[in-house]
Amino acid sequence: MSVSRKIAYNVAVSSVTKILSTVLALVGIGLITRYLGQDIFGLYVIAIAFFLFFESLGDWGLHQTVTREISRPNANEKEIMSKIAGLRIAISLLVIIVAPLIIFFLPYSIQLKQALVIISFAFFFSSLRQLLIGLFQKRLLMDRVSIAELIGKIIQVALIFAGVKLNLGFNFIVSTLLVTMAFNFFVVLWLSRKFLTFKPSIDTHFWKKFLKQSLPIGMSVFITFIYFKADSIILSFLQPAQAVGIYGASYKIIENLSFFPSMIVGLTMPILAYNVFSNRKKFELVVNKNFKIFLILVFPLIIGTLFLADGIINVIVGSGFEESVLVLRIIIFSIAFIFFGNLFNNILIAAKFQKELFCALSVCAIFNLTANILFIPKYSYIATSYTSVATELLVIVLGSTLIYKKLGFIPKFEGIASILLSSGIMAFYLWLFSNLPFFVLAATSPLVYFISLFVLKGIKKEELLLLLQKD
């Protein structure tokens with residue numbers, strides 16, 4: 001199989017499995033919210049937030065740096081993987097040892113503290129699995145990892161279903177993440193042994209040198225966590241678990257949708273990197289078409305959610321989370337901004353302006369922390385919701401400013417008139433037929449939008465095909 005066909009196959013398999021995993025994740029969230037209720041679901045959201053915190057804290061940029069190093073010509077892959085495996089285990093064990101000591105002093109219940117200990121072990125397996133991913137990326141075998149992760153997600157949802165039916169309690173639900181991460185690690189480890197075997201080794205001199213290279217990437221990962229996920233942890237310190245549950249019920253929906261912009265940008269990232277300096281005309285053309293695709297997607301997403309938020313919460317999360325409807329109507333703007341933030345961030349990375357991007361994201365993280373600490377005590381999860389939207393908007397503002405200053409370029413709002421008019425038609429349709437059942441409106445309103453867009457010539461097939469052409 002040629003390299004181009006192999007890449008296309010991996011992208012296709014990864015995209016399909018990710019979509020299926022997202023559907024399963026939403027099913028899992030629905031089971032959990034209905035079983036746990038607002039208060040205990042709030043504890044679950046806090047536990048997952050700490051899992052992501054541990055991942056970002058223990059990342060150190062090792063995954064990206066390892067992938068880069070083993071992909072170099074004549075790289076001693078076995079030696080590198082052996083030494084980094086030793087380093088990764090050392091860092092992960094340090095997190096597992098220190099985490100319970102920190103958790104003991106947190107203002108949480110015994111039940112949540114037990115869950116956080118379980119989460120720390122889930123992080124251990126997740127961390128080791130992440131190390132192995134570079135081996136598959138180098139060989140263009142990510143389809144195997146994607147399929148393994150999908151099977152892991154199926155197992156997790158099945159365990160959640162069993163836990164709910166048998167009333168096995170909160171910590172069993174949390175433990176399903178540990179089982180899933182352990183399964184994913186051992187499967188990926190078994191698959192990796194087919195083309196490389198290595199044993200962890202200790203080399204402190206190599207570790208110091210490697211950490212120095214990977215630290216900037218690791219810091220970026222941690223900064224991204226702060227402005228993207230730290231809000232749930234801050235909310236848990238300043239408000240009761242019920243508030244975290246109300247916010248988390250809506251944010252989990254947004255969180256599971258956030259992979260779409262990353263996936264779309266990921267398809268065009270190699271094209272951007274290839275053309276940013278060698279073919280400026282093609283670079284600008286692809287960015288403009290990418291920008292237009294995002295405009296086409298975010299307007300119906302926002303309008304549909306504003307009209308159908310009640311039904312979305314009821315179907316996905318269930319009854320008892322009526323207050324989450326307002327949160328969803330606010331933070332839907334976050335996912336809209338995430339589309340463009342992803343695009344702008346990847347443009348800066350493609351143009352090798354990582355340091356400037358890191359500074360910009362640091363400003364966003366500081367803004368997010370400050371706003372949440374100032375306003376959560378008085379406005380609770382509503383403050384967190386608006387802060388999330390404002391932070392993602394700030395990412396766009398700073399990113400676009402850097403692109404204009406460094407590259408002298410700003411994307412064009414192509415076809416905006418047709419997009420706005422089509423959005424207006426969709427909104428009118430949802431308002432006029434608001435008495436129709438939720439599923440009917442959810443299925444037909446996107447059709448109304450895209451048919452209107454096609455009639456108004458807002459999008460052409462050639463524009464979609466252009467995004468996949470390298471030359």
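The structure presented is a predicted model; accordingly, all values stated were derived computationally and were not measured.

A.B. asks: Looking at this model, I keep getting lost on the overall build of the protein. Mind explaining?
C.D. replies: Of the regular secondary structure elements, the protein holds 15 helices and 0 strands. Expressed along its principal axes, the backbone C-alpha trace of the protein runs to roughly 65 × 55 × 40 Å. Out of the 471 residues belonging to the protein, those deemed buried represent 52%. At a minimum sequence separation of 6, the contacts of the protein that also span at least 24 residues come to 84%. Of the accessible surface of the protein, which amounts to about 21500 Å², a share of 70% is contributed by carbon and sulfur atoms. Looking at charge distribution, the protein has the averaged site of its 40 positive side-chain charges lying 6 Å from that of its 21 negative ones.

A.B. asks: Which parts of the structure should I look at to understand the environment of Leu-421?
C.D. replies: Relative to the helices and strands, Leu-421 is located in helix 13 (residues 416–432). Considered as a pair, Leu-421 and Tyr-449 are 28 residues apart in the sequence and their alpha carbons are 9.3 Å apart.

A.B. asks: Looking at this structure, I do not really get the environment of Ile-373. What am I missing?
C.D. replies: Relative to the helices and strands, Ile-373 resides in helix 12 (residues 354–407). For the pair formed by Ile-373 and Thr-384, sequence separation is 11 residues and the distance between their alpha carbons is 9.3 Å. Setting aside chain neighbours within four positions, we find Ile-373 in contact with Ile-234 and Leu-238.

A.B. asks: What is the right way to look at the nonpolar core in this model?
C.D. replies: In terms of nonpolar packing, the biggest core is built from 142 residues, with Tyr-44, Met-81, Phe-340 and Ile-347 touching the most fellow members. When residues in this core are grouped by element, the largest group, 16 residues, is from helix 10 (residues 280–316). Leave out the neighbours within four places in its chain, and Phe-340 touches Phe-291, Phe-294, Leu-295, Val-298 and Ile-396.

A.B. asks: Help me understand the packing of aromatic side chains, please; the structure alone is not making it clear to me.
C.D. replies: By convention here, two paired aromatic rings are described through the distance between centres and the angle between planes. Under the counting rule described, the total for this entry stands at 29 aromatic pairs. Ring geometry for Phe-125 and Phe-186: centres 5.8 Å apart, planes at 50 degrees, overall tilted. Taken together, the residues Phe-125 in helix 4 (residues 110–138) and Phe-186 in helix 6 (residues 170–192) connect sequence positions 61 residues apart. Among the residues examined, Phe-186 registers a relative accessible area of 48% and is labelled partly exposed. Both rings, one in Phe-283 and one in Phe-409, keep their centres 6.0 Å apart while their planes meet at 55 degrees; by these two values the pair is tilted. Here Phe-283 is found in helix 10, whereas its partner Phe-409 is found in the loop between helix 12 and helix 13, with 126 residues between them in sequence. Cluster of aromatic residues (ring-pair linked, three or more members): Phe-50, Phe-53, Phe-54, Tyr-108, Phe-123, Phe-222, Phe-225 and Phe-237. Stacked on the ring of Phe-104, the Lys or Arg Lys-113 has its end atom at 5.5 Å from the ring centre. Positioned over the ring face of Phe-198 is Arg-193, at 5.4 Å from the centre of the ring.

A.B. asks: How do you make sense of the pattern of salt bridges when you look at a structure like this?
C.D. replies: Where side chains of opposite charge bring their charged atoms close, a pairing between them can arise. Going through the model one piece at a time under the given rule, you end up with 8 salt bridges. In this structure, Glu-79 engages Lys-83 in a salt bridge whose closest nitrogen and oxygen atoms are separated by 2.7 Å. Here Lys-83 and Glu-79 lie together in helix 3 (residues 77–104), a separation of 4 residues that amounts to about one turn. Shared partners join several salt bridges into a network, and the residues in it are Glu-79, Lys-83 and Asp-203.

A.B. asks: What is the right way to read a nonpolar patch on the surface from this model?
C.D. replies: On the surface, Leu-306, Phe-307, Phe-428, Trp-431, Leu-432, Phe-433, Leu-436 and Val-440 cluster together into a nonpolar patch covering about 730 Å² of accessible area. For Leu-436, the position within the fold is in the loop between helix 13 and helix 14 (438–455).

A.B. asks: So what exactly am I meant to see when it comes to helix 4 here?
C.D. replies: An α-helical turn contains 3.6 residues, so any two residues separated by three or four positions project in the same direction. In this model helix 4 runs 44 Å from its N-terminal to its C-terminal C-alpha over 29 residues, within 8% of the 42 Å that 1.5 Å per residue would give. Largest kink in helix 4: about 25 degrees, centred on Leu-131. Within helix 4, 21 of the 29 residues are buried, which leaves the element mostly enclosed by the surrounding structure.

A.B. asks: Just checking my understanding: could you explain the side chain of Ser-250 for this structure?
C.D. replies: Relative to the helices and strands, Ser-250 resides in helix 8 (residues 241–257). Judged by relative accessible area, which is 0%, Ser-250 ranks as buried. Apart from the residues lying within four places of it in its own chain, the contact partners of Ser-250 are Ile-313, Ser-324, Val-327, Leu-328 and Ile-331.

A.B. asks: Whenever I open this one, the packing of helix 7 (residues 204–238) against helix 8 confuses me. Can you help?
C.D. replies: Two quantities define a packed helix pair, namely the angle between the helix axes and the distance between the axes. Two numbers describe how helix 7 lies on helix 8: the axes approach to 10 Å, and their chain directions differ by 170 degrees. It follows from the interaxial angle that helix 7 and helix 8 lie roughly antiparallel. Of the residues in helix 8, those touching helix 7 at Phe-228, Lys-229, Asp-231, Ser-232, Leu-235 and Ser-236 are Ala-243, Val-244, Tyr-247, Tyr-251 and Glu-255. A breakdown of the residues in the contact of helix 7 with helix 8 according to their chemical character gives 6 nonpolar, 2 polar and 3 charged.

A.B. asks: How do you make sense of the confidence of the model for the protein when you look at a structure like this?
C.D. replies: Regions with low pLDDT carry predicted coordinates that are not meant to be interpreted in detail. Looking at the protein, the pLDDT average stands at 86 and 94% of residues meet or exceed 70. The weakest mean pLDDT in the protein belongs to helix 15 (residues 461–466) at 56; the strongest belongs to helix 13 at 95.

A.B. asks: Can you help me understand the packing of helix 11 (residues 324–350) against helix 12 in this one?
C.D. replies: Orientation of helix 11 relative to helix 12, taken along the N-to-C sense of each, is 20 degrees, at an axis distance of 9 Å. Viewed along their axes, helix 11 and helix 12 adopt a mutual orientation that is roughly parallel. In this structure, helix 11 meets helix 12 at a crossing whose hand is left-handed. Within the contact of helix 11 with helix 12, the residues separate by chemical class into 24 nonpolar, 8 polar and 1 charged.

Cut-off values and rules
Residues numbered from 1 in each chain as written. Predicted model: local features only at pLDDT ≥ 70, side-chain atom pairs only at ≥ 80, totals over all residues. Heavy atoms only, no water. Helix = DSSP H or I, 4+ residues; strand = E, 2+ residues; numbered from the N terminus. Buried < 20%, exposed > 50% of the residue type's maximum accessible area, 1.4 Å probe, protein only. Contact = heavy atoms within 4.5 Å. Areas by Shrake-Rupley, 256 points an atom, 1.4 Å probe, with all protein chains shown as cover. Lys, Arg positive; Asp, Glu negative; His and termini not counted. Charge placed at Lys NZ, Arg CZ, Asp CG, Glu CD. Core = buried A, V, L, I, M, F, W, Y, C linked by side-chain atoms within 4.5 Å. Phe/Tyr/Trp six-rings, centres within 6.5 Å; stacked < 30°, edge-to-face > 60°. Lys NZ or Arg CZ within 6 Å of the ring centre and 35° of its normal. Salt bridge = Lys/Arg side-chain N within 4 Å of Asp/Glu carboxyl O. Patch = residues over 30% accessible without salt bridge, like charges linked within 9 Å, V, L, I, M, F, W, Y side chains within 5 Å. Expected span 1.5 Å × (residues − 1). Bend = angle between axes of the 7 residues up to and from the residue. Axes fitted to C-alpha atoms, helices over the stretch in contact; angles between N-to-C directions. Parallel < 35°, antiparallel > 145°, perpendicular 65-115°, else oblique. Nonpolar A, V, L, I, M, F, W, Y, C, P; charged D, E, K, R; others polar. pLDDT = per-residue confidence, 0-100. Left-handed = near helix turned anticlockwise from the far one by under 90°.

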